[in-house]
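Chain residues, written in single-letter form:
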Amino acid sequence: MLAGDSSRKSLEAESYRTRFSAWTPISNKSLNKQLFQERVALISHWFDLWTDKQRQEFLFTIFLRCSKSQLRCVQDWFSERIHMAKVDFSTVLPRFISLYIFSFLSPKDLCAAAQVSWPWKFLTEQDCLWMPKCIRFGWFLPYTPADNEFGAWKHHYIACVSTLDWLTPREAAAIYDTLNEPKTEEEDELEETQREKCIRRIIWEKIILRKKELFKVRPPWVSGTRCSSLLKPKCQPRLSQTVRERVGLHEALEKQLVLASLDALPKRSNISGRHSYPLFSKKNGHGVYKNGDSSSYSFQPHFILISSRIPAYEMVVESVKVGVISVVYEHSGITLESLLYLIEKALEGRKVQSMGIFSDGDSREINLLQGCKIGIKNLLRPDVRNFWEKLGSYVAAEEEGGHVDIFVPLGASEAGMEVLSQLAQLTGTFFTAPTGIATGSYQHILSDWLGPPRKRAPPSIYFSQSKLQTWSSLTDFLEDSLKPVRKQLRPLFKELQKSISGRMIGQLMFDTMSVAHVLNNQETAQALADGLMELSEESSDRPLEFLSYFLLKKCGKKSKDLEGNVILTKCDPKAAFNGFMKEGNITEDNSQDPKSSLSKNDLNLEALLKLESKLQMDSAEKRTRVVRELLQSERKYVQMLEIVRDIYATPLKAALSSNRAILSAVNIHIIFSDVLQILSLNRGFLDNLRDRLQEWSPAHCVGEIVIKFGSQLNTYTNFFNNYPVVLKTIEKCREMTPAFRAFLKRHDKTIVTKMLSLPELLLYPSRRFEEYINLLYALRLHTPAEHIDRGDLTTAVDQIKKYKSYIDQMKQNISMKDQLSDIQRIIRGCPMLSEVNRYLIRIQEVAQLHCCDEEISFPLRLYEHIRDLSLFLFNDTLLVSSRGTSHTPFERTSKTNYQFIASVALHRIFVEDIPDSKYVKNAFILQGPKHQWICATEVEDDKFLWLSVLQNAIKSSMEK
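Reading guide: rules and limits
- Residues numbered from 1 in each chain as written.
- Predicted model: local features only at pLDDT ≥ 70, side-chain atom pairs only at ≥ 80, totals over all residues.
- Heavy atoms only, no water.
- Patch = residues over 30% accessible without salt bridge, like charges linked within 9 Å, V, L, I, M, F, W, Y side chains within 5 Å.
- Areas by Shrake-Rupley, 256 points an atom, 1.4 Å probe, with all protein chains shown as cover.
- Salt bridge = Lys/Arg side-chain N within 4 Å of Asp/Glu carboxyl O.
- Helix = DSSP H or I, 4+ residues; strand = E, 2+ residues; numbered from the N terminus.
- Buried < 20%, exposed > 50% of the residue type's maximum accessible area, 1.4 Å probe, protein only.
- Core = buried A, V, L, I, M, F, W, Y, C linked by side-chain atoms within 4.5 Å.
- Contact = heavy atoms within 4.5 Å.
- Pairing = 2+ DSSP bridges.
- Axes fitted to C-alpha atoms, helices over the stretch in contact; angles between N-to-C directions.
- pLDDT = per-residue confidence, 0-100.
- Polar contact = N/O pair within 3.5 Å; in protein donor to acceptor, adjacent residues only side chain to side chain.
- Expected span 1.5 Å × (residues − 1).
- Bend = angle between axes of the 7 residues up to and from the residue.

Colleague: Describe a nonpolar patch on the surface, and please don't skip the residues or the numbers.
Modeller: Residues Val 87, Val 92, Leu 93, Tyr 100, Ile 101 and Phe 104 make up a contiguous nonpolar surface patch of about 630 Å² in total accessible area. Along the chain, the position of Tyr 100 falls in helix H6 (residues 95-102). Assessed through its relative accessible area of 53%, Tyr 100 is described here as exposed.

Colleague: Which residues make up the nonpolar core, and what values do they have?
Modeller: Grouped together as the largest cluster of nonpolar side chains are 62 residues, with contacts concentrated most on Phe 672, Tyr 716, Phe 740 and Phe 769. Of all the secondary-structure elements, those providing two or more residues to this core are helix H27 (600-657), helix H28 (665-694), helix H29 (703-710), helix H30 (714-736), helix H31 (738-747), helix H32 (758-761), helix H33 (764-781) and helix H34 (790-826). For this core, the element with the highest residue contribution is H27, accounting for 15 residues. With sequence-adjacent residues up to four places away left out, Phe 769 is seen in contact with Leu 713, Tyr 716, Phe 720, Ile 800, Tyr 803, Lys 804 and Ile 807. Ranked by size, the runner-up nonpolar core spans 41 residues in total, among them Val 327, Ile 366, Leu 379 and Leu 426.

Colleague: Account for the pattern of salt bridges, with residues named and values stated.
Modeller: Close approach of charged atoms allows side chains with opposite charge to pair. Summed over the entire model, instances satisfying the criterion amount to 26 salt bridges. Glu 771 is paired through a salt bridge with Arg 768; the nearest N and O atoms lie 2.5 Å apart. Taken together, the positions of Glu 771 and Arg 768, both in helix H33 and 3 residues apart, correspond to about one turn of that helix. Two residues, Asp 868 and Arg 883, come together in a salt bridge whose shortest N-O distance is 3.9 Å. In this pair, Asp 868 sits in strand E13 (residues 863-874) while Arg 883 sits in strand E14 (residues 877-887), placing the two residues 15 residues apart along the sequence. Overlapping salt bridges, with partners in common, bring together Lys 121, Glu 125 and Lys 154 in one network.

Colleague: Can you tell me about the sheet that holds strand E12 (residues 840-851), naming the residues and giving the values?
Modeller: Spatial strand order, E11-E15-E14-E13-E12-E18-E17-E16: 8 strands in an open sheet with mixed pairing. With partners counted over all chains shown, the strands left at the sheet margins are strand E11 (827-828) and strand E16 (910-914), one partner each. Note: E12 against E13, 11 bridges, orientation antiparallel. Residue Leu 849 lies in a different strand from E13, and its bridge partner there is His 865. Contacts from helix H35 (residues 940-959) reach E12, E13, E14, E16 and strand E17 (923-927), with the element oriented near 115° to E12.

Colleague: Tell me about the confidence of the model for the protein chain, and name the residues and values.
Modeller: For the protein chain, the average pLDDT comes to 76, and 72% of its residues sit at 70 or higher. Scored below 50 in pLDDT, residues 18-22 shows 7 contacts in the model against residues more than four places distant or in partner chains.

Colleague: Just give me the short version of the sheet that holds strand E5 (residues 354-358), but keep the residues and values in it.
Modeller: Sheet architecture is open: 5 strands sit in the order E4-E3-E5-E9-E10, paired in parallel fashion. Each having just a single partner strand, strand E4 (325-329) and strand E10 (431-432) make up the two edges of the open sheet. Inspection of the sheet shows strand E9 (residues 403-406) paired to E10 by 2 bridges, in the parallel sense. From the neighbouring strand, Val 404 faces E10, where its bridge partner is Phe 431.

Colleague: Report on unusual backbone geometry, specifying residues and quantitative values.
Modeller: Non-glycine residue Ala 312 carries a positive phi angle of around 55°. Among the secondary structure elements, Ala 312 is positioned in the loop between strand E3 (302-307) and helix H16 (313-318). On the accessibility criterion, Ala 312 (0% relative accessible area) is buried. Here the phi dihedral of Lys 754 falls at roughly 60°; this positive angle occurs in a residue that is not glycine.

Colleague: An account of the side chain of Asp 405 is needed here, citing residue identities and associated values.
Modeller: Relative to the assigned elements, Asp 405 resides in strand E9. In this structure the side chain of Asp 405 is engaged in a polar contact, spanning 2.7 Å, whose partner is the side chain of Tyr 462. If near-sequence neighbours (up to four positions away) are discounted, Asp 405 is found in contact with Ser 354, Met 355, Gly 356, Ile 357, Thr 432, Trp 449, Pro 458 and Tyr 462.

Colleague: I'd love a proper account of the pairing of E17, names of residues and values included.
Modeller: The buried fraction of E17 is high, at 5 of 5 residues. Relative to E17, E16 runs antiparallel, the two sharing 5 bridges. Paired with Asp 913 across the two strands is Phe 924, which belongs to E17.

Colleague: Provide a residue-level description of H30, including the pertinent values.
Modeller: For H30, which comprises 23 residues, the first-to-last C-alpha distance of 32 Å matches the rise-based estimate of 33 Å (1.5 Å per residue) to within 8%. Taking the largest bend as the criterion, H30 deviates by roughly 50°, centred on Tyr 723, and proline Pro 724 comes between one and four positions later.

Okay, here's the thing in structure tokens:
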């Protein structure tokens, strides 16, 4: 009993044990809970009696004592029972700040943000956010959005992205033969070791493979006989595709194999396994083969070669007379060997009485082909020399009246005269060229030509004078008009020869222009325009009498100008000497006085003295004419720049100062600042020339004036560097500013602006340097070597020539960039083509074939047509694309579609010819590291031209 009581008391004592105070039991939960509730009620009563500041202090003390879990519990309680107010920054901040924040998002994030709310959707679809993202990739909107149109640039971005072909790195490596993955040093060493092993192994595999291939194609039972060479294929067996894919070729070995494949290609004499040129039984002294019966070729025609580089060349082709053989060739995508092939095919073994070459060029060199300018530096190169020697062999001898006429003003400079002299020495044929300089046009071909006087001038031998004169005076306008005509008619004429399609287009243009009246109308319109301008300035009460008097005065002035027309000619010393000798012989025959003191030697000496004095007088007169032509052309050039200042810049600045601004001050500065600086520079140059010519004599100098002008050409550098920005600013302001659009509409192409627009007027600075260099070369030509101005002229020529090369390089870069952009746009899935120094050489349309059985020899192989291909040959790569045709309902014309297939570097292409057989013609093989294409052209000429250009491009790429 006592034991039980003691145990009960101990449990009660244990239950009433306290912690921290006597009022907090440990083990008795009910009492503990009761005490806790009482204390909470007490503290709550105290909390109710406290002030707000006391309550805040109490809460702050409690929260400082809480752990993280307890604070998280408080946070969860508040989030469940009390909704926190969240403010959208786009509804609080100004709109431009919100747009600036959204501009840092990627297109994907912008699309996600557009799904948050309507305000965010409205902001994230603004054009100011999406337009920079489109322009960065060159995706310009093809139309101007309306005022109420929303999200146009976003929709355009999504449409452009949806057409892209996305490739994984492995897929890109399979197509482009590149894998842009960084490699460590260990991987590089391992790869180098494997490459060395592969080089040793590939040599043995190549030897074994070659033996097997030769054994397969070896004709049976005729080995060692004379007939075996006839049955041997005319192409080298190519390296197996599987072997090439299994091991990488060493660069040096691969280069040797590529060069070997090029050497195995057929030449001009045995293309496609047979002679592509007609063979003749006899060969004359000049190297032209003829038949035994020469009577059929007793008539020697005239031949003219026309380059497609000539502006509006279709008009030139239409101007060719009946009976003259004409050949039009592409300036790009052709070689000298291919050009000889076209000439030989057109002549068919005949000799010609005269041959004309109508191509682009200047007074120093002939721009015959793309990348092949014939000048003093490269004239003795083997391929160039061989071309001219063979070309001269097609022309009759000089004793028979044969000559070659080059429609390039080579006779207007010393360098051009040297080119003609060397060509005559190489070929033994007489070469002639125009001596005139016509600034800003092609009218130099209508000036005097080198050589003795003939019954007909060279242009009248080949062309109709009226049509050629029309073309030469309206070259730039005709070229601009023919660009859309070519674009529309190209699908219809693509299967015709270049000369036929060019003649058809030229005839269409001539018929449309009414050629019989175009020159008279042009001169009359110009005279009337000048008269109306004078009438507006004078404000006469009798306008008809004033206008008639002005036209009469202009007609009289025109006749005087024609009498003193500037024609720069080069006197032929041989013809002049013969003329003086004839005069001396006549004098000797008429003098019957035996006591005459003049012997024959004295007559010859007197003739030489007269010739020398006449040449000096001609040189001084021509030098004066060149200087006057320089002054006159400079005056016209400054007048065109003053039109930009007076008609455009001055009114816009006046509107800006009168608080009725059409353009902002920044845009006016961008467009006109450089042009006005050029005007100031050339105005000073014109004043210096005018002052010098007021007291002009042959002893005076102009070289120092040109040198001073050339030292300030940094003004032109600023203009040409900003020229693309100026044009873009004009177009942007025209599109965005209605007042500027109306301003241009009032002033562009009016009588005051010479029927030109503002962008056309800004073209004059770039064209002026071509005129400067031609005039300076002509001036140096007619300046004697002992003249004091000779050295300054040489320095001035070097200055202007160096700056002109800079302008030409800028033009070439812009043209190449636009050409590559056009190609990239028309080919679906095409990779980025824009690279430095890359340009298009030729486009060839072929059919892709598939060999049914490659185990049999070439003459017995059967092929099937798979699809059509287009081969785009650049100077460093070959782009292969498929070609398809799509037709529009109810229309006859079709549209060509291109799909990218692969691109191969030129130095990795193996080219192999397939001899013609009963089953295939005009076929060849292109083999790259990953792909192989068996191709065939429509006609044999296309195959030869393509292989010739491809061979030349591959060799050029390997030499770099």
